[in-house]
Amino acid sequence: MKKAGFTQAWLPILLLVPQLSIILIFFYWPAAQAVQSSFYLQDPFGFGSTFVGADNYTDLLGNAEYKRIAWFTVIFTVSVTFLSLSLALLLAVKADKVIRGAKGYRTLLMWVYAVAPPVAGFIGLIMFNQSWGPITRTFAALGHDLKIGVNYWDTAGAMIAVSVWKQIPVNFIFFLSGLQSIPRSVREAALIDNRSASSRFWGVTFPLLAPTGFFLLIINITYALFDTFGVIDTLVKGEPGNNPMTLVYKVYVDGFRGNDLGGSSAQSVILMVLVLALTVFQFRMVERRIHYT
Amino acid sequence: MSDMTNPPRRRLRLGTIMDHAILIIGVLVMVLPLVMLVQMSSIPDTEIIKTGPSLHFGDQLDDNFEKAMFGATGFSGENAGTRMLMNSLILGIGFAVGKIVIGMMAAYAIVYFRLRFATLAFWVIFTTLLLPLEVRILPSYEVVQNLGMVNTYHGLIIPLIASATATFFFRQFFRSVPEELVEAARIDGAGPVRFFIDILVPLSQTMIAAMFIIMFVFGWNQYLWPTMITTEEGMFTLVRGIKQIVQVLEGNRVPEFGRANLLAIIAVVPPVLIVVFFQSWFVKGLTESDK
Amino acid sequence: MKKLTLASAALTALWTGAAFAETEITWWHAMGGDLGETVNQIAADFNASQDEYKITPVFKGSYEETLTAGIAAFRAGEQPNIMQVFDAGAATVIGAKGATVPVQDLLTENGVDFDINDYISGVRYFYADADGKMIGMPFNSSSPIMYYNVDALAAAGVTAPKTWEEFQTVTAPALKEAGYTALSQSHLPWIFTENFMSRHNLPFATNDNGYTGTDTKILVNNDAIKAHFTAVTEWQDQGYFEWFGTGWGDNQTPFEEGKVAIWLGSSGSFGGLANKDLGFEFSADYLPYWEAVTEAPTQTFIGGAALFAMAGKSDAENKATAAFFEYMTKPETQYFWHQETGYVPITEAAYDLAKADGHYDRSPAAEVGIKQLSLPAGDYTKGYRMGFYVQIRDVMNREYGRILTGETSVEDAFNAIEKEANELLARFAKTQG
């Protein structure tokens, strides 16, 4: 910590106590319980339990379905991240360019930020309704029989579409203010060097946006991994069936729906490790970036 | 901005039209679903299940609003829309305020004090940053039960606060505050408490406002946790209430699409209004926090 | 004047006195929407019928959410008095001895007459233990039955099929000719697996369908059911059958829209269909069976859910719970529930009341479910008991979905179901250790 600080000993501790106690009671205590129960198979009501060592983990890693879900999670995360970032960037670049109605566009493009994931999923259910959903009808007119809940990849597409729809506003806001903070002098210099708009964008603007882009990358990955839970749950109507699902949804399905405490705890621990790695990675990158800016 | 004047006029026209076209498509994609929700809550349920959304607006809007807002579905009659609206507000505001107060205090301690266990405290706090409640929900529920906090507002709010997002943002912000300020304050003889209250808090106003909006929306939109933790109908939140009605869409009677849609609209409107009205703070806070 | 105030004071005292003496109990259930309102009605009527007890029903979400919330609450000592648990969760809640008070014990200990033979035969043993003691009180009991569009069948010149052989050779081709998709169904594990077993009296699992032990193996990988699914895929190819997804309503909607002529669904859906103003006449009949498998088809399992009295409550509260169960099983209450929802009445007396009242003369299709549950029983028709059954159903749904979208073969799918289900059963056995 490079801030020249105060030296009182008791005050910082007092300031940290609320945060630390809440985290210890409501984060580390449950997390420790999850780690512990991942080594047991226990009756959900708490009557019987058997210590099974690492069986819960080996069962998972040997399960073909779990691997398939892990794969889908990767595909889903990459698609949601890529699509929501690139579409938001496109809209931000355009919104930055136009003069007329800039504020109106900005407002109308960002309000979806406030929509709750289950509500977004509910809207998706209506749009993709098998009998009269507007999107289903559009696809039918184009010659594709869209079948949400039947066809694996159709359902995956709907999940991705709704998740992207919900995420575009955040990315849009970040990109737009990233663009607007590029100094006028840089833009003018670029204008003299490069005649073509696209080479100006890729040669000058895009690299300048890279830090924002990196920060957003992490935000979007965590969003796709965790916050899409409500979207997925609503879209599959609580029935996993042969629908695609993500790792977090699988934790919910086995633990919350199926009461397999040991198995779902092991899945939670795997996710915790994954997220921990992501956090460390993010910190190292963010810290480094702060040195540069 | 500046490149609007230089290129030849004809190309500029075409380009501008394209820009607007793309933006308009974007806006339509974002806005039309809500218009559709409004349309669907204006026609009778029996019509919706047959035809779905259309361009025709009916006259059921008042009726559905009345049902969604004041009609209670539960046994106690305590989960009318108004009550759920209040609970959602309490959750959103309580969560936002709690998180900001606790986060600012912790961030202040971490940035401005020489702490013996600073690195340890830092990691203890920031490990919680990305791991959502969903993956540890069952043990969390048990903890809350053990503390007798089920069906209380603090049981609803405090466990959600147990992650360090706000702390992280305030830490980033405090680190960008010029160091000269602390030195000046020290020369003036101001102690850490006065420095915090008189200088740092006013300096953070925009940041606080932005955090408030972000956290309010986050708290308002919670679903799984309120479902677990509230068993009394008087404690239901709007997002949880929607699920209750959506579930009926799969049930065996005429699904109450109108009511569900309208409840969805009610659930969406307050956070949207906050985001739209305070967008300049919100945008500024969001984007400054990552510096 | 003075007399009057005195009288009213006495009345007030009496009233508040009564209010204080009331024993309050809670009931967590999974009945949303209109069903939930019927539940609330029953609770309110019970509260009004006496002044010793007060029951409060609470909607806790889906069946799975209700069970999980109940379990979490039990672990923390905050459980409700009554919890509704669905068929697939039966093994979990019955396996945890000490989590519930068997209803049979609860009732007899609190001086309520109990005779298991008062209950209609199809519901007696599904929520009972291996010795035939009733553990959970059947509540919303339903069975899968065959609904059909009367107009469509008339247009095609056929009657409702009794057997699957009749369906595939006579009914389905004629319906296709008349422009209909012949068949859809709403729950593949429930209708085409569990009740396929009971309708044909086939063993579903070792250990007497899982009742007598936890080292159970599933017997789902058999030739009869594989032949059935092979036939289903052929029907799908021929345009006789269509599958609209795992969601219940997705498969019911095309029937309501008049695109599908025959729909296999819950007898509990009757009330809903009758309310929907479908634009065609519908009726119902028994679930068809394969003549090639059996000449003597048997009764089906009950689906739906049961009410369990949670352990760890005071005697006074248990007494209140017993009183509520007594009220629940009264013929009048059962008949009200049956009429409102379409779920079957669980006692013979309630069934008789419905008959005497002419309910089935007014809507004959409402009787199909209970008649099917009263068909002759077989060795394997009382129920099944398998742990982690929610996940086993998830595996079935997944593999069936893959069969019907051409991602896997019938043979591979059943191998996968058998393997994964047995792994889950073995894991469950360890949780009981």
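How each quantity is defined
- Residues numbered from 1 in each chain as written.
- Chains lettered and ligands numbered in written order.
- Predicted model: local features only at pLDDT ≥ 70, side-chain atom pairs only at ≥ 80, totals over all residues.
- Helix = DSSP H or I, 4+ residues; strand = E, 2+ residues; numbered from the N terminus.
- Rg over C-alpha atoms; globule rule 2.2 N^0.38 Å.
- Contact = placed C-beta atoms within 7 Å.
- Domains from an automatic or database assignment.
- Nonpolar A, V, L, I, M, F, W, Y, C, P; charged D, E, K, R; others polar.
- Pairing = 2+ DSSP bridges.
- Axes fitted to C-alpha atoms, helices over the stretch in contact; angles between N-to-C directions.
- Buried ≥ 20, exposed ≤ 12 C-beta atoms within 10 Å, placed from the backbone.
- Parallel < 35°, antiparallel > 145°, perpendicular 65-115°, else oblique.
- Left-handed = near helix turned anticlockwise from the far one by under 90°.
- Expected span 1.5 Å × (residues − 1).
- Bend = angle between axes of the 7 residues up to and from the residue.
- Core = buried A, V, L, I, M, F, W, Y, C linked by C-beta atoms within 7 Å.
- pLDDT = per-residue confidence, 0-100.

K.L.:
Outline the overall build of chain C, supporting the account with residue identities and numerical values.
P.N.:
Along chain C, the regular secondary structure elements total 19 helices and ten strands. In terms of C-alpha radius of gyration, chain C reaches 23 Å, essentially the compact-globule figure of 22 Å for 433 residues. Once the C-alpha set of chain C is aligned to its principal axes, its extents read approximately 85 × 55 × 35 Å. Taking the intrachain contacts of chain C between residues at least 6 apart in sequence as the baseline, contacts between residues at least 24 apart amount to 76%.

K.L.:
With reference to specific residues and values, describe the domain arrangement of chain C.
P.N.:
All names here are of chain C. With domains assigned, chain C is organised as domain 1 (7–142 + 302–373) and domain 2 (144–300 + 387–431). Distance from the C-alpha centre of domain 1 to the C-alpha centre of domain 2: 29 Å. Listed by partner, the interface residues are 24 residues for domain 1 and 23 residues for domain 2. Elements represented by at least two residues in the side of domain 1 that touches domain 2 include exactly helix H4 (90–95), strand S5 (137–142), strand S10 (303–310), helix H14 (331–341) and helix H17 (368–373). By residue number, the principal contributor to the side of domain 1 that touches domain 2 is H17, which donates four residues. Looking at the side of domain 1 that touches domain 2 residue by residue, the classes come out as nine nonpolar, 13 polar and two charged.

K.L.:
Before we move on, could you go through the sheet that holds strand S8 (residues 260–266) of chain C and cite the residues and values that matter?
P.N.:
All names here are of chain C. Across the sheet, four strands lie side by side as S7-S8-S6-S9; this open sheet has mixed pairing. The sheet terminates laterally at strand S7 (181–185) and strand S9 (282–285), the two strands that pair on one side only. Direction aside, neighbouring strands of the sheet carry axes that sit 25 degrees apart on average. Across four bridges, strand S6 (residues 144–149) lies against S9 in antiparallel orientation. For Tyr147, the partnering residue across the bridge sits in S9 and is Ala284. Contacts from helix H7 (residues 164–177) reach S7 and S8 within the one sheet, and its direction differs from that of S7 by about 115 degrees.

K.L.:
Please give an account of the environment of A:Gly262 that cites residues and values.
P.N.:
All names here are of chain A. Of note, Gly262 is situated in helix H12 (residues 261–292). Assessed through the 25 C-beta atoms surrounding it within 10 Å, Gly262 is described here as buried. Taking the C-alpha atoms as reference points, Gly262 and Asp43, 219 residues apart in sequence, are found 9.4 Å from one another.

K.L.:
Quick one: what's the story with the interface of chain A and chain C, residue by residue and with numbers?
P.N.:
Opposite the 30 residues of chain A that make contact, chain C presents 33 residues. In terms of residues, the side of chain A that touches chain C owes the most to one element, helix H11 (residues 247–257) of chain A, which gives four residues. The residue inventory of the side of chain A that touches chain C, partitioned by class, reads ten nonpolar, 14 polar and six charged.

K.L.:
How would you sum up the packing of helix H18 (residues 389–404) of chain C against helix H19 (residues 410–431) of chain C? Please name residues and give values.
P.N.:
All names here are of chain C. Interhelical geometry of H18 versus H19 gives an angle of 170 degrees and a closest axis separation of 10 Å. As the angle between them shows, H18 and H19 are arranged roughly antiparallel. Viewed along their axes, H18 and H19 form a crossing whose handedness is right-handed. Here H18 contributes Gln391, Ile392, Val395, Met396, Glu399, Tyr400, Arg402 and Ile403 to the contact with H19, which in turn contributes Val410, Ala413, Ala416, Ile417, Glu420, Ala421 and Leu424. In terms of residue class, the contact of H18 with H19 is made up of eleven nonpolar, one polar and three charged.

K.L.:
Would you mind going over the interface of chain A and chain B in detail, with residue names and values included?
P.N.:
Contacts between the two partners involve 81 residues from chain A, matched on the other side by 80 residues from chain B. Tallying contributions element by element places helix H1 (residues 10–37) of chain A first for the side of chain A that touches chain B, with 17 residues. Tallied by class, residues from the side of chain A that touches chain B come to 58 nonpolar, 16 polar and seven charged.

K.L.:
Please provide a residue-by-residue account of the environment of C:Val123, values included.
P.N.:
One can find C:Val123 in the loop between helix H5 (103–109) and S5. Apart from residues no more than four positions distant in its own chain, C:Val123 is found in contact with C:Pro138, C:Ser141, C:Ile302, C:Ile346 and C:Leu373.

K.L.:
Run through helix H7 (residues 152–180) of chain A, naming residues and quoting values.
P.N.:
The end-to-end C-alpha distance of H7(A) is 41 Å, a good match for the 42 Å that 29 residues give at a rise of 1.5 Å each. For H7(A), the principal kink sits at A:Gln167 and spans about 35 degrees; a proline, A:Pro169, occurs within the next four residues.

K.L.:
Explain the nonpolar core to me, using residue names and the numbers behind them.
P.N.:
The biggest cluster of nonpolar side chains holds 300 residues, and the ones touching the most others in it are A:Val119, A:Phe172, B:Tyr108, B:Met211, B:Ala264 and B:Ala267. Excluding residues that lie within four positions of it along the chain, B:Ala267 makes contacts with A:Ala116, A:Val119, B:Leu238, B:Val239 and B:Ile242.

K.L.:
Can you tell me about the environment of A:Thr107, naming the residues and giving the values?
P.N.:
Turning to its location among the elements, A:Thr107 is positioned in helix H4 (residues 102–110). Between the C-alpha atoms of A:Thr107 and A:Pro169, which are 62 residues apart in sequence, the distance is 9.6 Å. Residue contacts for A:Thr107: discarding those within four places in its chain leaves B:Val276 and B:Gln279.

K.L.:
Give a description of helix H2 (residues 33–49) of chain C that names residues and reports values.
P.N.:
Taking 1.5 Å per residue as the helical rise, H2(C) with its 17 residues ought to reach 24 Å, and the 24 Å between its terminal C-alpha atoms agrees with that figure. For H2(C), the full list of buried residues reads C:Gly33, C:Asp34, C:Leu35, C:Gly36, C:Thr38, C:Val39, C:Asn40, C:Ile42 and C:Phe46.

K.L.:
I'd love a proper account of the packing of H2(C) against H14(C), names of residues and values included.
P.N.:
Residue and element names in this part refer to chain C. Where H2 contacts H14, the two axes come as close as 11 Å, and the packing angle between them is 160 degrees. One way to sum up the angle between H2 and H14 is to call them roughly antiparallel. Where H2 crosses over H14, the two elements pack in a sense that is right-handed. Contacts from Leu35, Thr38 and Ile42 in H2 reach Thr333, Trp337, Glu340 and Thr341 in H14. Among the residues making up the contact of H2 with H14, the classes are represented as three nonpolar, three polar and one charged.

K.L.:
Describe the pairing of strand S3 (residues 82–86) of chain C, naming the residues involved and giving the relevant values.
P.N.:
Residue and element names in this part refer to chain C. Of all five residues in S3, five are buried, a share of seventy percent or more. Across the two faces of S3 the burial is the same, with Ile82, Gln84 and Phe86 and Met83 and Val85 all buried. Summarising the sheet, strand S1 (residues 23–29) and S3 pair through two bridges and their orientation is parallel. Residue pairing across strands places Trp28 opposite Met83, the latter belonging to S3. Sheet analysis places S3 next to S10, joined by five bridges and oriented antiparallel. Residue pairing for S10: Ile82 is matched across the bridge by Ala309.

K.L.:
Tell me about unusual backbone geometry, residues and numbers included.
P.N.:
Residue and element names in this part refer to chain C. Its identity as a non-glycine residue notwithstanding, Asn207 has a phi of 60 degrees, on the positive side. Positionally, Asn207 belongs in helix H9 (residues 206–210). Phi is positive for Phe388, close to 50 degrees, though the residue is something other than glycine. Tracing the chain through its elements places Phe388 in the loop between H17 and H18.

K.L.:
Help me get a handle on the confidence of the model for chain A, residues and values and all.
P.N.:
The share of residues in chain A with pLDDT of 70 or more is 95%, and the mean pLDDT across the chain is 86. For chain A, H12(A) is the element with the lowest average pLDDT, namely 77, and helix H3 (residues 64–97) of chain A is the one with the highest, namely 94.

K.L.:
Can you explain the confidence of the model for chain C? Please cite residues and give values.
P.N.:
Residues and elements named next belong to chain C. On average, residues of chain C score 90 in pLDDT, and 95% of them reach the 70 mark or higher. Considering each helix and strand of chain C separately, the mean pLDDT is smallest for helix H1 (residues 2–21), with a value of 50, and largest for helix H10 (residues 223–238), with 97. Across residues 10–19, where pLDDT falls below 50, the model places one contact with residues more than four positions away in sequence or in other chains.

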